[in-house]
Amino acid sequence: MSQLDELYREVILDHYRNPRKRGTLNGAHVHAEGNNPSCGDEFSIDVAIEDGKITDAAMQGQGCSISQASGSMMMDAIIGKSLAEVSDLTTKFKTMMTIEEGENPVDPDRPGSVLGDLEALQGVRKFPVRIKCADLAWATLSDALEQAEKAS
Ligand code: ZN
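Residues numbered from 1 in each chain as written. Predicted model: local features only at pLDDT ≥ 70, side-chain atom pairs only at ≥ 80, totals over all residues. Heavy atoms only, no water.

A. Up close: the pattern of salt bridges. The tally for this structure, following the rule as stated, stands at six salt bridges. We note a salt bridge from Asp5 to Lys126, for which the minimum N-O separation is 3.1 Å. Of this pair, Asp5 sits in helix α1 (residues 3–17) while Lys126 sits in the loop between α3 (83–98) and α4 (128–151); the two residues are 121 residues apart in sequence, bridging distant segments of the chain. Owing to a relative accessible area of 23%, Asp5 belongs among the partly exposed residues under this scheme. With relative accessibility at 39%, the residue Lys126 sits in the partly exposed group. The partner of Lys21 in a salt bridge is Asp56, with the nearest N and O atoms 3.1 Å apart. A residue pair is termed long-range when its members are at least 10 positions apart, and Lys21 in the loop between α1 and β1 (30–36) and Asp56 in strand β3 (residues 53–62) qualify at 35 residues. Take Lys21: its relative accessible area is 37%, and that puts it in the partly exposed class. (Salt bridge = Lys/Arg side-chain N within 4 Å of Asp/Glu carboxyl O. Helix = DSSP H or I, 4+ residues; strand = E, 2+ residues; numbered from the N terminus. Buried < 20%, exposed > 50% of the residue type's maximum accessible area, 1.4 Å probe, protein only.)

Structural data, given as structure tokens:
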């Protein structure tokens, strides 16, 4: 295992063991649930939106470390951001998870460079089966934001 892989593993385990914003929200919010049958991961999210901005969010779930760490990192990444920024982040995350390994690893514009801790998940690309684990939180967030759009 390379030093970078080791670092990524530690970041993932830290989020898995100490998930950020675990729980539910009181007050007005949208709720969405998702699951990844191929691994048995479950994830649900509460998102409070005000004036086109995610003012708060909370997550619950169970499953593998990748799925739960991805959700925890996502909480850090989306709270306080506008819906446009979150949509941009979602695209960058999905791009990071699909670019070929070794492609432009030091390009400052590469998606990972703006993703913070989420960058740790790029190692998951080596294990295509686990990409669905990393993606679960983001797919569930998309469901929640779609609901919010329909309700507005
Ligand atoms: Zn999983």
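B. Representation of the pairing of β3 in the model. Pairing analysis gives nine bridges linking strand β2 (residues 41–50) to β3, with the strands arranged antiparallel. Among the inter-strand pairings, Ala48 is bridged to a residue of β3, identified as Asp56. Here β2 folds back onto β3, and the loop between the two strands holds two residues, one of which, Asp51, carries a positive phi near 50 degrees. (Pairing = 2+ DSSP bridges.)

C. Here's a closer look at the coordination of the zinc ion. The protein atoms that coordinate the zinc ion are Cys39 (SG), Asp41 (OD), Asp41 (OD), Cys64 (SG) and Cys133 (SG), at distances spanning 2.1 to 2.8 Å. Counting residues between consecutive donors of the zinc ion along the chain gives the motif C-x1-D-x22-C-x68-C. Taken together, the positions of Asp41 in strand β2 and Cys64 in the loop between β3 and α2 (65–78) put the pair 23 residues apart, joining distant regions of the chain. Considered together, Asp41 and Cys64 belong to a single accessibility category, that of buried residues. (Donors = N, O, S within 2.8 Å, 3.2 Å for Na, K, Ca; no water.)

D. View of α3. Between the first and last C-alpha of α3 there are 23 Å, a value that for 16 residues agrees with the 22 Å anticipated at 1.5 Å per step. For α3, the full list of buried residues reads Val86, Leu89, Thr90, Phe93, Met96 and Met97. Angularly, the buried residues of α3 cover 130 degrees about the axis, an arc narrow enough to put them on a single face. For α3, the exposed residues lying more than 90 degrees away from the buried face are Ala84 and Thr98. The inward-facing, buried residues of α3 abut β3, α2 and α4. (Expected span 1.5 Å × (residues − 1). Arc of directions from axis to C-beta. Contact = heavy atoms within 4.5 Å.)

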